[in-house]
Amino acid sequence: MTALSSSAPSLFGTGWVARRVDGEAMRTVDGVLDSLAAAWRFPDHFGRNRDALDDCMRDLPTDLPTAEGGPSTGLLTIVVHAGALLADAPDELEWFAESVDFWHDHYHDRRFAVLLTDDDPAAVRDRWAAVGTQLTDPTEEI
């Protein structure tokens, strides 16, 4: 699931574990790979390619503690400045959107989402709609 908001909601007490990445650092595929690898602490053997990204995003630890110290029940990647995500490689946005759906489908028994935040959510929504992806409202899903 990919959601869109002008800001990230509080996750305190929800069971979600979140990692924050900056769309400004993710303007290219290499930036996406590097940012997600750092945020989720991928293993040293991460191959820095799309297939390796898919593998690592589908193999995130399920025993991460929440901010309160309890067991996690969901994994959330928050992309701030989402309008900059793949801005220097716009033809790659469809690939990324499909990957997020692929990762989400893998976690069928757990909650998994990517939350896009930006000062101009309408522009982000339009970019994602252009590649066939409808973004959800996080207040309904998260």
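Residues numbered from 1 in each chain as written. Predicted model: local features only at pLDDT ≥ 70, side-chain atom pairs only at ≥ 80, totals over all residues. Heavy atoms only, no water.

Enquirer: What exactly am I supposed to notice about the pattern of salt bridges here?
Expert: A side chain with one charge can pair with a side chain of the opposite charge if their charged atoms come near. Scanning the model with the defined rule gives six salt bridges in all. A salt bridge links Glu24 to Arg27; its shortest N-O distance comes to 3.2 Å. Its relative accessible area of 26% is what places Arg27 among the partly exposed residues. When the shortest N-O distance is used, the salt bridge between Asp30 and Arg48 registers 3.8 Å. You can see Asp30 sitting in helix H1 (residues 29-39) and its partner Arg48 sitting in the loop between H1 and helix H2 (50-57), a full 18 residues away along the chain. Judged by relative accessible area, which is 38%, Arg48 ranks as partly exposed. The structure contains a network of salt bridges with shared partners spanning Glu24, Arg27 and Asp88. (Salt bridge = Lys/Arg side-chain N within 4 Å of Asp/Glu carboxyl O. Buried < 20%, exposed > 50% of the residue type's maximum accessible area, 1.4 Å probe, protein only. Helix = DSSP H or I, 4+ residues; strand = E, 2+ residues; numbered from the N terminus.)

Enquirer: Whenever I open this one, the packing of aromatic side chains confuses me. Can you help?
Expert: Two aromatic rings are characterised by how far apart their centres lie and by the angle between their planes. Applying the stated criterion across every chain yields a total of six aromatic pairs. Through a chain of ring-to-ring contacts, the aromatic side chains of Trp95, Phe96, Trp103, Tyr107, Phe112 and Trp128 assemble into a single cluster. The side chain of Arg50 reaches across the aromatic face of Trp95, ending 4.6 Å from its centre. (Phe/Tyr/Trp six-rings, centres within 6.5 Å; stacked < 30°, edge-to-face > 60°. Lys NZ or Arg CZ within 6 Å of the ring centre and 35° of its normal.)

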